[in-house]
Amino acid sequence: MCGIAGIVALEDISARLVQSIRNLEYRGYDSCGIAMLNGSGKIKISKNIGSVEEVCEKENFGRLKGSVGIAHTRWATHGGVTKSNAHPHMSCDNGFSIAHNGIISNHEKLRTRLKNAGHRFRSTTDTEVIVHLVEDWHRKVKSVEKAFVAAMRELDGTYAVILVTGHEPDRIYCARNESPLLIGLGDYVNYIGSDLNAFIDHTKNAVFMEDKEYAIVTHDSCILKRISDGETMSRQVQELMWDSEMAQKGGFPHYMLKEIYEQPQVVHNALDIDPELVEGFARMALEKKTLHITGVGTTFYVSQIGQYYFSRYAGVTPMVISSDEFRFLAQVDKDTAIIAVSQSGETYDTLNALRYGKSHHATTGAIVNVMGSSMARMVDQMILQGSGPEICVISTKAALSQMIILARIAMAAGVMNGRITAKQARGYEAQLRELPAAIENVLNEKSGFIHTIAQQQSHIKHWLFLGRGRYYPVARESALKMKEVSYVHAEGMPSGFLKHGTIALIDENLNSVVFAPPEEEKELYKLTLSSAEEIRARDGYVLGLTFKQKKKEKLPFTEQIVLPKTPPFTAPFLQMVVAQLLSYFTATTLKRNIDRPRSLAKSVTVA
Ligand code: F6R
């Protein structure tokens, strides 16, 4: 949601601090700000609405010199997008400044109490109560650490909090509960960030904070303690696997396009994941009476495609519930396995589903992209997908990688329970190994045509994405891509569902995309084409995503994008890449904010 950064050093950090929130901007981008301690122990704040680039220019962040400072990039939850609601926030006496990610659920009660005690509020955020609370406690206990901890103990809800104070100008205090926070260890300089992008340019050594912990960070020390009783916690330093180059645009106009183009490599990486890890997941899936796969948004659709692969290749149909609904629907006990899918590993709803599962004694696994993320650390088994940093707010390469990993787990399960032979599995794996080259071919050969279609159809305000079987979740995921990046209404549904109501919408204002399987998936192929015919019979526009046929036959499409001959096992993945490009080019034609679409945030860490 929001991005938090802090640096404690001996020399000026202003440029580095601005860069930190630039790197975190994909977490939130409606406003941002910096609080810097200068040599005399005074805190100077600069903040405003707009992107980091805009605010940096408006406010001239560079003039704030200092060696200890905090910064924040916001995605509004409580309080509108205004300058006064931008973080950091200041205490009444300007002695403390705080930035926060999360939601303080008892903020109204605390605000009333603090107002009655004479505190003056300048914003309508839940965050501001924290800084007044620390100030209030400090008046009573006269110790920053004691005041900080007392304040944290009073907070209900989720938080990653970071604080600087003129009382102790050589350090930063920070704390976390259910919102990510980690500390980067440098050479006489230490960093704090809501994710590793905050400091990956400078150090790869990090300490991951756990829930209900706080830390006191100076330029050469980092002490971790438990909030409840002040007990010091020891933690291993971990080496981060990403580097800063991986998070650059590398000549592409947008991260989204770069990440789409990285997919051949990402598929290789997913195929190189240790087979033992994959088998571990397969075993877990088969050993338990019930298997759930869960995620939300894109990862819900990823889970759904996993469901189809499990059903077809392992003869097991897992329950797939969107993680925001998990607690209200799932039946979980010790005979349940839950596989969570998440790029960030921090999504509140998916974390919550896992917590719910764990509290009901389920065995848990997670497929995540971000090392050291909350999900990665809380589950019994974990697969790190190795897709590299996904900076565009919209998920593309991470989703494809997760689909491949789930297909691999399904295959491994199929071999274990005898649904498919080891030889067949090797055959499917070989087909997966051909996918990177097929994706490259599509990117090289079809981009121009897809771009033209996107431009020609960019006046269309409504799209239907239709597929059957394994192509159905891909259709839904593709509709989500269209919505979020181009702000054009799109719905994904099973093509067989169309005639049960939605067909009433077909007219010249609504376009359809039909995901047609390769012709050897005979039944699926015929049924999918019949839906296209139903639309054409009503004069609707149909864009067919098809594969090269043995013999040329007239297909019921207005236009079609013909992909090279592809085995059914990998065909839906290749079509997904086409749909990603269609959304991307529609959005560029409509001049949308590609990497940071309105109202979205990369990692949704609130309920
Ligand atoms: C869509 C998108 C979101 C995320 C969802 C889950 O492009 O990015 O729908 O997929 O918020 O996020 P993760 O995967 O980080 O748990």
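Residue positions within a chain follow its written sequence, with the count starting from 1. Confidence filtering applies because this is a predicted model: local features only for residues at pLDDT of at least 70, side-chain atom pairs given and counted only at 80 or more, and all residues used for totals across whole chains, interfaces and linings. As a convention, hydrogens and water are excluded, and side-chain values are obtained from all of the structure's heavy atoms.

1. With respect to the site of the ligand
We count it as follows: Only heavy atoms are used to decide nearness, and a residue is near a molecule or strand if one of them lies within 4 Å of it. As used in this structure description, the phrase polar contact means that two N or O atoms lie within 3.5 Å; if the pair is within protein, one of them must be able to donate a hydrogen and the other to accept it, and residues adjacent in sequence are counted only when both atoms belong to side chains. Only the protein chains shown count as cover for residues, with accessible areas throughout obtained via the Shrake-Rupley method and a probe of 1.4 Å.
Close to the ligand lie 13 residues, the nearest being Ser342, Gln343, Ser344, Thr347 and Glu484. Within the backbone of Gln343, one N or O atom sits 2.7 Å away from an oxygen atom of the ligand. Separating an oxygen atom of the ligand from a side-chain N or O atom of Lys481 is a distance of 3.1 Å. About the coverage of the ligand: the protein hides 91% of its 400 Å² of free accessible area.

2. Observations concerning the pairing of strand E24 (residues 541–547)
Which entries qualify depends on this criterion: Note on exposure labels: buried denotes an accessible area under 20% of the residue type's maximum, exposed denotes more than 50%, and partly exposed covers the range between, all computed with a 1.4 Å probe on protein chains only. Every helix listed is a DSSP run of H or I at least four residues long, and every strand listed is a run of E at least two residues long, numbered separately from the N terminus. In this scheme, strands are said to pair when DSSP sees at least two bridges between them. We call a crossover right-handed when, viewed with the strands running away from us, the connection from the first strand over the helix to the second turns clockwise.
By the criterion of burial, E24 is predominantly enclosed, with 7 of the 7 residues buried. Where burial is concerned, the two faces of E24 agree: the one with Tyr541, Leu543, Leu545 and Phe547 and the one with Val542, Gly544 and Thr546 are both buried. As judged from the 5 bridges shared by strand E23 (residues 510–515) and E24, these two strands associate in the parallel manner. Looking at E24, one finds that Val514 is bridged to Gly544. One crossover worth recording links E23 to the parallel E24 by way of helix H16 (residues 522–537), and it is right-handed. Across 5 bridges, E24 lies against strand E25 (residues 559–563) in parallel orientation. What sits directly across from Thr546, in E25, is Val562.

3. Some points on the pairing of strand E21 (residues 462–467)
Within E21, 5 of the 6 residues are buried, which leaves the element mostly enclosed by the surrounding structure. Sheet analysis places E21 next to strand E22 (residues 489–494), joined by 6 bridges and oriented parallel. Residue Phe465 lies in a different strand from E22, and its bridge partner there is Gly492. Tracing the backbone out of E21, into helix H15 (residues 471–486) and back to the parallel element E22 gives a crossover that is right-handed. In this structure, E21 lies alongside E23, joined through 5 bridges in parallel fashion. When the bridges of E23 are listed, Leu464 appears paired with Ser512.

4. Brief notes about the packing of aromatic side chains
Using the following cut-off: Between the rings of Phe, Tyr and Trp (Trp by its six-membered ring), a pair exists once the centres lie within 6.5 Å; its type follows the angle of the planes, with under 30 degrees stacked, over 60 edge-to-face, and the other angles tilted. Our definition puts a charge over a ring when NZ of Lys or CZ of Arg is within 6 Å of the ring centre and also within 35 degrees of the ring normal.
With the rule as written, the count across this model stands at 16 aromatic pairs. On the basis of an interplanar angle of 80° and a centroid distance of 6.4 Å, the ring pair of Tyr308 and Tyr472 is categorised as edge-to-face. Taken as a pair, Tyr308 in helix H9 (residues 298–314) and Tyr472 in helix H15 lie far apart in primary sequence, 164 residues in all. Residue classification places Tyr308 among the partly exposed residues on the basis of a relative accessible area of 28%. Within the aromatic cluster, the residues linked to one another by ring pairs are Tyr309, Tyr313, Tyr428, Phe569 and Phe573. In this structure, Lys140 is placed above the aromatic ring of Trp137, and the distance from its NZ or CZ to the ring centre is 4.6 Å.

5. Section: the nonpolar core
Heads up, the condition is: Side-chain atoms within 4.5 Å are what join buried Ala, Val, Leu, Ile, Met, Phe, Trp, Tyr and Cys residues into a set we call a nonpolar core. Contact between two residues is taken to exist if any of their heavy atoms lie within 4.5 Å; hydrogens are not considered.
If you look at the biggest cluster of nonpolar residues, it comprises 95 residues, and the most contacted ones within it are Ile409, Phe465, Phe573 and Leu582. For Phe573, the contacting residues outside a window of four places in its chain are Ile305, Tyr309, Leu400, Met403, Ile404, Ala407, Leu432 and Leu435. In terms of nonpolar packing, the next biggest core, distinct from the first, is built from 30 residues, Ala5, Ala9, Cys56 and Val189 among them.

6. Description of the domain arrangement of the chain
The criterion, for reference: Boundaries of every domain are those given by an automatic assignment or by a domain database. Take the accessible area each of two parts loses on contact, using a 1.4 Å probe, and add the two losses: that sum is the buried area. By convention in these notes, a salt bridge is any Lys or Arg side-chain nitrogen within 4 Å of a carboxyl oxygen on Asp or Glu. Side-chain classes are defined by residue name, with Ala, Val, Leu, Ile, Met, Phe, Trp, Tyr, Cys and Pro counting as nonpolar, Asp, Glu, Lys and Arg as charged, and the others, Gly among them, as polar.
For the chain, the assigned domains read domain 1 (3–246), domain 2 (248–439) and domain 3 (446–607). If you average the C-alpha positions of domain 1 and of domain 3, the two centres end up 43 Å apart. Of the roughly 950 Å² buried at the junction of domain 1 and domain 3 (both faces included), carbon and sulfur atoms supply 57%. Interface area lost by domain 1 to domain 3 is led by Tyr26, Tyr29 and Trp75, which between them contribute 55%. Between the two partners, domain 1 and domain 3, sit 1 salt bridge. Glu25 is paired through a salt bridge with Arg596; the nearest N and O atoms lie 3.0 Å apart. Here domain 1 is connected to domain 3 by 5 residue pairs in polar contact (both at pLDDT 80 or more). The leading source of residues in the side of domain 1 that touches domain 3 is strand E6 (residues 96–104), at 3 residues. Of the residues contributing to the side of domain 1 that touches domain 3, the split by class is 5 nonpolar, 5 polar and 3 charged.

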